[in-house]
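Topology and contacts: notes
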Amino acid sequence: MFDVVVAGSLHLDIMIVGSPIPAKDETVFGKSWGFKCGGKGGNQAKAAAHVGASTQFVGRVGRDDFGVRLLNDLRSDGVDVLGVSEDAEHGSGMSAALVDDAGNYGASVVSGANMFVSIAADATIDARVLLLQNEIPDSANLAAARAAQRSGAMVVLNGAPWRVPSPPLAAACDLFILNRVEVAQAQGAIDMARQRIIVTFGADGLEVHDRGSVTLIAPHRVRQISSHGAGDMFCGALAARLAKGDTLVSAARFANAAAALHVSRAEGTSFSVSEVQALAGD
């Protein structure tokens with residue numbers, strides 16, 4: 001059994017660094033560019049593995065160079081990729097992303113093979129926690145949730161980018177993770193008083209809603225280098241700690257610290273679990 005299984009998206013990001021991010025009809029000069037393996041699913045799987053969770057990824061890539069890069073990247077971070085299928089007709093997911101000098105981030109995504117993730121109706125996902133996002137179809141998320149429920153897994157849905165979950169998917173989820181924009185969009189679709197929801201506010205901290213009770217968790221004041229991937233680090237770290245048996249509030253405190261360390265480090269610079277625990281106050 002894996003601690004965490006992530007079913008979701010893989011994108012190869014083409015990153016352009018420069019300032020400012022262009023406005024409509026504007027052309028600006030960037031400073032540098034490069035490849036970065038991403039997709040919310042891939043980022044969250046690597047985050048979970050980074051903080052000590054045995055992690056498997058379930059998804060789909062094209063039969064192309066981008067797919068090879070994406071799978072090798074997951075393997076290099078210790079993520080099991082036996083749940084990834086290859087699509088002979090559709091290319092791997094990709095995005096073009098821009099980051100300015102202040103670390104602000106924007107991207108345009110082409111989903112490709114991610115829109116054709118398929119999970120057999122009788123499949124079982126053997127995990128303590130299943131982590132989902134909205135960069136694969138609702139039907140694939142529902143199939144994954146049902147496959148995870150067969151092993152008694154906790155099902156966590158990061159509702160990014162926001163779309164209203166189908167009633168069966170909403171009923172199958174034990175926890176929702178939403179940011180400030182998504183929680184506003186979710187009004188009427190998710191019952192804040194009856195469900196377990198974490199609402200993140202970036203540099204302003206987060207709220208843990210546990211069937212009506214609310215716990216506020218303050219932000220950590222750090223020097224931001226880049227906000228890219230902060231939400232994914234939070235989700236992966238949260239799932240990892242829930243799989244280890246932490247309470248929801250304790251897991252959220254750990255994930256909040258992991259996200260703070262992530263945004264304060266240069267690209268490719270790592271941090272240890274003990275550093276996260278020290279910042280979280282564990």
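As shown above, the structure is provided for reference.
Residues numbered from 1 in each chain as written. Predicted model: local features only at pLDDT ≥ 70, side-chain atom pairs only at ≥ 80, totals over all residues. Heavy atoms only, no water.

Topic: the overall build of the chain
- Helix and strand content of the chain: 8 helices and 13 strands.
- Its C-alpha atoms give the chain a radius of gyration of 18 Å, near enough to 19 Å, the size a compact globule of 282 residues would have.
- In terms of overall dimensions, the chain has C-alpha extents of about 50 × 45 × 40 Å along its principal axes.
- Long-range contacts, defined as pairs at least 24 residues apart, comprise 62% of the intrachain contacts of the chain with a sequence gap of at least 6.
- For the chain, the accessible area works out to roughly 12500 Å², and carbon and sulfur atoms hold 52% of it.
- Placing the 23 positive and 29 negative side-chain charges of the chain at their respective mean positions leaves the two points 3 Å apart. (Helix = DSSP H or I, 4+ residues; strand = E, 2+ residues; numbered from the N terminus. Rg over C-alpha atoms; globule rule 2.2 N^0.38 Å. Contact = heavy atoms within 4.5 Å. Areas by Shrake-Rupley, 256 points an atom, 1.4 Å probe, with all protein chains shown as cover. Lys, Arg positive; Asp, Glu negative; His and termini not counted. Charge placed at Lys NZ, Arg CZ, Asp CG, Glu CD.)

Points about the packing of helix α7 (residues 248–263) against helix α8 (residues 273–280)
- Closest axis-to-axis distance for the α7/α8 pair is 8 Å, and the angle between their directions is 115°. One finds that α7 runs roughly perpendicular with respect to α8. The handedness of the crossing between α7 and α8 is right-handed. Residues R253, F254, A257, A258, A260 and L261 of α7 lie in contact with α8, whose contacting residues are V273, E275, V276, Q277, L279 and A280.
- A class-by-class count of the residues in the contact of α7 with α8 yields 9 nonpolar, 1 polar and 2 charged. (Axes fitted to C-alpha atoms, helices over the stretch in contact; angles between N-to-C directions. Parallel < 35°, antiparallel > 145°, perpendicular 65-115°, else oblique. Left-handed = near helix turned anticlockwise from the far one by under 90°. Nonpolar A, V, L, I, M, F, W, Y, C, P; charged D, E, K, R; others polar.)

Some points on the sheet that holds strand β3 (residues 32–38)
- Read from one edge to the other, the open sheet built from 4 strands follows the order β3-β2-β6-β7, with strand pairing classed as mixed. Only two strands of the sheet have a single neighbouring strand rather than two, namely β3 and β7 (105–110). Across the sheet, the mean angle separating the axes of adjacent strands is 20° when strand polarity is ignored.
- Helix-sheet contacts for helix α2 (residues 65–76) involve β2 (11–17), β3 and β6 (93–99), and the interaxial angle to β3 is about 65°. (Pairing = 2+ DSSP bridges.)

Considerations on the sheet that holds strand β13 (residues 213–217)
- Pairing in this open sheet of 9 strands is mixed, and the strands run β5-β4-β1-β8-β9-β10-β11-β12-β13 from one edge to the other. One side of each edge strand has no neighbouring strand; the edge strands of this open sheet are β5 (80–87) and β13. Strand after strand, the sheet turns through a mean of 20° between neighbouring axes, direction not considered.
- In terms of strand pairing, strand β9 (residues 154–158) meets strand β10 (residues 175–179) through 3 bridges, oriented parallel. When the sheet's bridge partners are listed, L157 is paired in β10 with F176.
- Along the sheet face, helix α3 (residues 138–149) touches β1 (2–7), β8 (127–132) and β9 and points at about 170° away from the line of β8.

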